[in-house]
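The residues making up each chain are set out below.
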Amino acid sequence: MSAKNPEHESTHEISLPPEVKLLQEVTPPFFPEGGSAMTILVDWPPGHPGLPPHRHSGPAFGYVMGGAVRFELEGEPERVVEAGGTFWEPGGDVIHYQDGNALSDAPTRFVVTMVCAPGQPMLRLVDEEELKERAHLRAPRPSEG
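The protein goes by Cupin domain-containing protein in an unreviewed UniProt entry, where it is assigned to Streptomyces adustus.

S.K.: For this particular structure, what's the right way to read the packing of aromatic side chains?
M.R.: On inspection of all chains with the given rule, the structure shows 3 aromatic pairs. Aromatic pair Phe61 and Trp88: ring centres 5.9 Å apart, planes at 10 degrees, arrangement stacked. Of this pair, Phe61 sits in strand E3 (residues 60-66) while Trp88 sits in strand E6 (residues 86-89); the two residues are 27 residues apart in sequence, bridging distant segments of the chain. Between Phe87 and Phe110, the aromatic rings sit 5.9 Å apart at their centres with planes inclined by 75 degrees, giving edge-to-face as the arrangement. Taken together, the positions of Phe87 in strand E6 and Phe110 in strand E8 (residues 108-116) put the pair 23 residues apart, joining distant regions of the chain. The pair formed by Phe87 and Phe110 is uniform in burial state, with each residue classed as buried. Clustering of aromatic rings is evident, with ring pairs tying together Phe71, Phe87 and Phe110. Against the face of Tyr97 rests Arg138, its NZ or CZ located 3.9 Å from the ring centre.

S.K.: Where do I start with the sheet that holds E6 in this structure?
M.R.: Each strand in a sheet pairs with another by means of backbone hydrogen bonds, the pair being arranged parallel or else antiparallel. In space, the 4 strands of this open sheet follow the order E1-E8-E3-E6, with antiparallel pairing throughout. Each of the sheet's edge strands pairs with one partner strand only, and the pair in question is strand E1 (36-44) and E6. Shown here is a sheet whose adjacent strand axes are inclined to one another by a mean of 20 degrees, direction ignored. Of the pairings in the sheet, the one linking E1 to E8 comprises 9 bridges and is antiparallel in character. The partner of Ala37 across the bridge, within E8, is Val115.

What counts, and where the lines are drawn
Residues numbered from 1 in each chain as written. Predicted model: local features only at pLDDT ≥ 70, side-chain atom pairs only at ≥ 80, totals over all residues. Heavy atoms only, no water. Phe/Tyr/Trp six-rings, centres within 6.5 Å; stacked < 30°, edge-to-face > 60°. Helix = DSSP H or I, 4+ residues; strand = E, 2+ residues; numbered from the N terminus. Buried < 20%, exposed > 50% of the residue type's maximum accessible area, 1.4 Å probe, protein only. Lys NZ or Arg CZ within 6 Å of the ring centre and 35° of its normal. Pairing = 2+ DSSP bridges. Axes fitted to C-alpha atoms, helices over the stretch in contact; angles between N-to-C directions.

Here you go:
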């Protein structure tokens, strides 16, 4: 998903001082009362594949501090988010296929703030059977052309 949602019209227009840079502005899906949020710091060593395919119970917003993240959500092509870039995902039913280090010779560091649905875990792995059932929803892989 893009760093800035083109359909988003901020209701809080303010002038930011030059020391403050807007990195990401999105309109997350509705979130029920009773949810929680957490912010994590991820340090992947060179070539780390990241987590296996998973989903989050609520939206997640990330910022790459150093290196480059190979990022892929269900229905979107794989992309590389470099240091200084942002990413987000809606959570819920969408499978998050990749979040690994795109660099084989340097570490990657990113921070993610996730909103968790009430009573739900922050992350749930997707099993092989479901991956096969939903294969038609995954964008073509770069190696597939």
